[in-house]
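# Residue-level structural notes
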Amino acid sequence: MSKKQTATEELYDVTIGGGGYVGLSLALALKQSEPSMKVALVDLRPRSAIENDPRSSAIAAGAVRMLDQLGIWYQLEDEAQPITEMIVTDSKLHDSVRPVFLTFAGDVDEGEPFAHMVQNNHMVGALHDAATDAGVHIFAPDSVKDFAVEPAHVNITLGSGKTIQSRLIVAADGVRSKLRDLAGIHCNRWSYNQSGIVTTVAHERPHNGRAEEHFLPSGPFAILPLKGNRSSIVWTEKTNEANRLVNGDEFTFEIELERRFGHHLGEIKLDGPRQAFPLNLVLARSFVTNRFALAGDAAHGIHPIAGQGLNFGFKDVAALSEVLVDAHRLGLDIGAAHILERYQSWRRFDTWQMGMTTDVLNRLFSNNIDPVRAVRDLGLGLVERMPFLKKHFIGEAAGMAGPSPKLLLGNPL
């Protein structure tokens, strides 16, 4: 029901549900670009919980430019590991030799690697502190329990019992988004019956900044370089096997890990916890509705085979913040349908295209059918011999393919 704002209710321009890298970077981008905007962020986790995330992520060059524009990259750069080269192999698990079918090397621009590896807790912690310093009102630990859309604003009820109002609400609360469900937005989804095992290993020899992706019958096995003689592992397995490995004894896990990792970097040992995450394709049928928008994993959950999930979230942030800031500067209603439609038209097709691409790649490479292997290896070999195609794929990996929002180019809003 419609009601006037009372003394107990605050009116915000934008309220963001979810305090991960998407929610925090969106809040920071909006507040830094337009200090007069009132921005709220609601997160279940307190600030202290951010330090408990042991994972690392590959940050594409476009996202690095955005983080630099937001003023936090300098805090991450010393601990970030540049990815200077990537190799792709395709083999069976028991093959003694893993031929390299495809290599990527070189910078986006001189001295600018196409990606860096960054620890999640460092990145999210820096974003949280910068958003707080910029004047973002953070409700944590708290949650959005419910909301009701009125003609000119949204009435929001928090789990703590507090009520606020906002011209726009943005769901950045992950692939299992409660806010998406409350908004009545449906998804196309299916399970791959795969899980991604994530851990960190230490090894004897230096990786020299080289990332590796081994296509094995159960799915891709990625070795991603970290600072020092350490690497992050993203290991795709059938879900039952992944659960067995993660919940079993450490010795068995290390034996299976070594079979896939190989011996080229010398002796390896675990250097972090083991975790497994179910892999699904989740694509929202709409990214916007009345005074409501989706961003990040709440809008799209894609297979990690191309390593673009996090960077697609940053691309959502760059596009949405640009749309909202432009509208605010013109004195327009930032929650209006035609404003939000600009964001949807910018991001929805690109996201669906990437979702379908990763789906096809996973089905093509996660099998042990010899004729299929022969065809895909031929395709990889052709790409290796065509410099213009490799340049295109480096642009994709750098997160700067297609029309790029200003922040991904390193430009202010």
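What you are looking at is a predicted structure, and each value in this text was computed from that prediction instead of being measured.

## Focus: the confidence of the model for the protein
- Scored by pLDDT, the protein comes out at a mean of 89, with 87% of its residues at no less than 70.
- Low pLDDT (under 50) marks residues 1-7, which in the prediction has twelve contacts with non-local residues, meaning those over four places away or in another chain.

## Topic: helix H2 (residues 61-69)
- Within H2, seven of the nine residues are buried, which leaves the element mostly enclosed by the surrounding structure.
- One or two steps after H2, the chain reaches Gly-71, where phi turns positive at roughly 85°.

## Some thoughts on a negative patch on the surface
- The grouping of Asp-68, Glu-77, Asp-78 and Glu-79 at the surface amounts to a negative patch.
- Among the structural elements, Asp-78 can be located in the loop between helix H3 (73-76) and strand S4 (81-83).

## Digging into the side chain of Gln-194
- Along the chain, the position of Gln-194 falls in strand S14 (residues 187-203).
- You can call Gln-194 buried: its relative accessible area is 2%.
- There is a polar contact of 3.2 Å between the side chain of Gln-194 and the backbone oxygen of Ser-218.
- Beyond its immediate sequence surroundings of up to four residues, Gln-194 is in contact with Ser-218, Gly-219, Thr-236, Glu-237, Lys-238, Thr-239, Phe-277, Pro-278, Leu-279, His-303, Asn-362 and Ser-366.

## Some details on unusual backbone geometry
- In this model, Ala-140 is joined to Pro-141 through a cis peptide bond whose omega is -5°.
- Turning to its location among the elements, Pro-141 is positioned in the loop between strand S10 (137-139) and strand S11 (144-149).
- Not every positive phi belongs to a glycine, and Asn-193 is a case in point at roughly 55°.
- Relative to the helices and strands, Asn-193 is located in strand S14.
- Judged by its relative accessible area of 44%, Asn-193 falls in the partly exposed class.
- Backbone geometry at Asn-208 places phi at a positive 55°, although glycine is not the residue there.
- When you line up the elements, Asn-208 lands in the loop between S14 and strand S15 (210-216).
- Taking relative accessible area as the criterion, Asn-208 reaches 63% and is therefore assigned exposed.

## Re the packing of helix H1 (residues 21-33) against helix H4 (residues 120-134)
- Relative to each other, H1 and H4 sit at 35°, their axes nearing to 9 Å. Crossing of H1 over H4 shows left-handed handedness. Touching Tyr-21, Leu-24, Ser-25, Leu-28 and Lys-31 of H1 are Met-123, Val-124, Leu-127, His-128, Ala-130, Ala-131 and Ala-134, all from H4.
- Among the residues forming the contact of H1 with H4, the class breakdown is nine nonpolar, two polar and one charged.

## Considerations on the sheet that holds strand S3 (residues 56-60)
- Judged by pairing direction, the sheet is antiparallel, and its three strands sit side by side in the order S3-S9-S4 without closing on themselves. Among the strands making up the open sheet, the edge pair consists of S3 and S4. Recorded for the sheet is a direction-independent mean angle of 30° between the axes of neighbouring strands.
- Two strands pair when backbone bridges link them, and S4 and strand S9 (residues 115-119) are joined in this way by three bridges, in the antiparallel orientation. Bridge pairing links Ile-83 to Ala-115 in S9.
- Taken strand by strand, H2 contacts S3 and S9, and its axis lies near 90° from that of S3.
- Running at roughly 80° to S9, H4 makes contact with S3 and S9 of the sheet.

Parameters and conventions
Residues numbered from 1 in each chain as written. Predicted model: local features only at pLDDT ≥ 70, side-chain atom pairs only at ≥ 80, totals over all residues. Heavy atoms only, no water. pLDDT = per-residue confidence, 0-100. Contact = heavy atoms within 4.5 Å. Buried < 20%, exposed > 50% of the residue type's maximum accessible area, 1.4 Å probe, protein only. Helix = DSSP H or I, 4+ residues; strand = E, 2+ residues; numbered from the N terminus. Patch = residues over 30% accessible without salt bridge, like charges linked within 9 Å, V, L, I, M, F, W, Y side chains within 5 Å. Areas by Shrake-Rupley, 256 points an atom, 1.4 Å probe, with all protein chains shown as cover. Salt bridge = Lys/Arg side-chain N within 4 Å of Asp/Glu carboxyl O. Lys, Arg positive; Asp, Glu negative; His and termini not counted. Charge placed at Lys NZ, Arg CZ, Asp CG, Glu CD. Polar contact = N/O pair within 3.5 Å; in protein donor to acceptor, adjacent residues only side chain to side chain. Axes fitted to C-alpha atoms, helices over the stretch in contact; angles between N-to-C directions. Left-handed = near helix turned anticlockwise from the far one by under 90°. Nonpolar A, V, L, I, M, F, W, Y, C, P; charged D, E, K, R; others polar. Pairing = 2+ DSSP bridges.

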